Amino acid sequence: MYNSKKVSQLEKYIQFLYLVMGNLLKVLTCTDLEQEPNFFLDFENAQPTEAERETWEEVDVVLQDARAILDELQAYKGAGQEIREAIQNPNDEALQDQAWAAVVPLVGKLKKFYEFSQRLEAALHSLLRALTNETYSDSMQHLEREQALAKQFAEILHFTLRFDELKMINPAIQNDFSYYRRTLNRMRINNVPAEGENEVNNELANRISLFYADATPMLKALSDGTTKFVSENKNLPIENTTDVLSTMASVCKVMLETPEYRSRFSSEATVSFCLRVMVGVIILYDYVHPVGAFAKSSKIDMKGCIKVLRDQPPNSVEGLLNALRYTTKHLNDESTAKTIKSMLQ
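Under an unreviewed UniProt entry, the protein chain has the name Family with sequence similarity 49 member Bb and belongs to Pygocentrus nattereri. The UniProt entry for the protein chain carries the following text under Subcellular location (unreviewed entry): "Membrane". The annotation that UniProt attaches to the protein chain under Sequence similarities (unreviewed entry) is "Belongs to the CYRI family."

Scanning the protein chain for helices and strands turns up 15 helices and zero strands. Within the protein chain, buried positions represent 47% of all 345 residues. Of the contacts formed within the protein chain by residues at least 6 apart in sequence, a portion of 76% connects residues at least 24 apart. When the accessible surface of the protein chain is totalled, it reaches about 18600 Å², and 51% of it is carbon and sulfur.

Glancing now at the side chain of Arg-276. Position of Arg-276 among the secondary structure elements: in helix α12 (residues 268-288). On the basis of relative accessible area, Arg-276 is assigned to the buried category, the value being 16%. Beyond its immediate chain neighbours, meaning those up to four positions away, Arg-276 contacts His-158, Leu-161, Arg-162, Glu-165 and Leu-320.

Let us now look at the packing of helix α3 (residues 80-88) against helix α7 (residues 172-189). Running from N to C, α3 and α7 cross one another at 40 degrees; their axes reach a closest spacing of 10 Å. Here α7 runs oblique to α3, going by the angle between their axes. Here the hand of the crossing between α3 and α7 comes out left-handed. Contacts between α3 and α7 involve Gly-80, Ile-83, Ala-86 and Ile-87 on the former and, on the latter, Asn-175, Asp-176, Tyr-179 and Arg-182. Looking at side-chain class alone, the contact of α3 with α7 contains four nonpolar, two polar and two charged residues.

Thresholds, definitions, all that
Residues numbered from 1 in each chain as written. Predicted model: local features only at pLDDT ≥ 70, side-chain atom pairs only at ≥ 80, totals over all residues. Heavy atoms only, no water. UniProt positions renumbered as here; feature names shortened; annotations may be inferred. Helix = DSSP H or I, 4+ residues; strand = E, 2+ residues; numbered from the N terminus. Buried < 20%, exposed > 50% of the residue type's maximum accessible area, 1.4 Å probe, protein only. Contact = heavy atoms within 4.5 Å. Areas by Shrake-Rupley, 256 points an atom, 1.4 Å probe, with all protein chains shown as cover. Axes fitted to C-alpha atoms, helices over the stretch in contact; angles between N-to-C directions. Parallel < 35°, antiparallel > 145°, perpendicular 65-115°, else oblique. Left-handed = near helix turned anticlockwise from the far one by under 90°. Nonpolar A, V, L, I, M, F, W, Y, C, P; charged D, E, K, R; others polar.

So, in C-alpha cells, the structure goes:
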C-alpha cells in the first residue's frame, strides 16, 4: 500500500519544482509581464506635480509650437510650377522674379522648421535630465511617478515621426531649397542684391541643406541630440538614458496588449499615439544604444512589439512597420535574429 503522507509530500515537492522551473523560465525569457513595467501611463490626462512643473512648463512652450509646425508642414505646397517655368525660360526676367518671390517665403518656413529642431533637441535634453537624475532609483519609477514629463517625452517622439512622414511625401521641400541656393549663388556671382528678410548665409544654408537631405531629419536631430546628451553627461551611465527609452517602449507595448489598460483609453487616437511612440522610441534606442534594439542583449522585447503592431488593422500600421524596416540602424546586422527579420518582411 502507498503511504499517503509520502505521496502528499512528493506532490508538494513536484509542485515546488514546477514553480521554481517556471519562474526560472520567466527570468530567462523575460517575456512575463512581471518582468516588464506593469503600470498605466496616462497619455491623455497626466498633469504635472510641483516637482515636475518647472521642466514641464519649459517643454510645454516648445510642444505648443510643435502643433503649428506640423500644420504648416502639412499645408506646404512648394513652388514647383514657378520653378519649372523659370528654368524652362532662363531669359525671361519676369518668370525669374516670380520664382524667386515664390521661393523666398517658403525658405523662411524651411529655416523655421530647421531652427525648431534645435529647440526640440533642447527640450529633449531638459526631459532627459529630469528622467535620468537620482530622484528615483530607476527609469520605471521615473516614468510611473513623473507621468506628465513622460507624456511630453512621448509627444516629442510622436511629433518627430509625424514630421518625418510629412517630409518624406513632399519632394517640394528639397527642390525649393536647392533652387533657392542655386539662385542665391548666381546672384552673388553677378553681384545682384538678394532682397528679402529670409536670406540665410552660406554656413546656415549648408546646415539646413544637410538637415533636409536626411530621409528622417527630425529623428536624426533627436538621435543626435540624445547621443550628445549622453556624451555631455559623462558622470551619468549611458544605461540611465537607454533604460528610459526601453522602459517607454515596454510601457507602450504592455498597455496596447493588455485589455484592462487599453480599455482605459478614451479614443482610438490614443491607441495610434501609443503605437507611434512605441516605434519612435525603438528607433531612437536603436541609434543611441551601442548594439541597438534588435540584439539579443537589447532590453526591448522586439518580437512582442512587432506582434503588437501586427495585431492592429493592417492599413493603420504599415507606415510604422516601414519605419522599423527602413529607418532603424541595426535591423540588418548579422546579430539580428532571423525570426525578427522575417516578422518585418
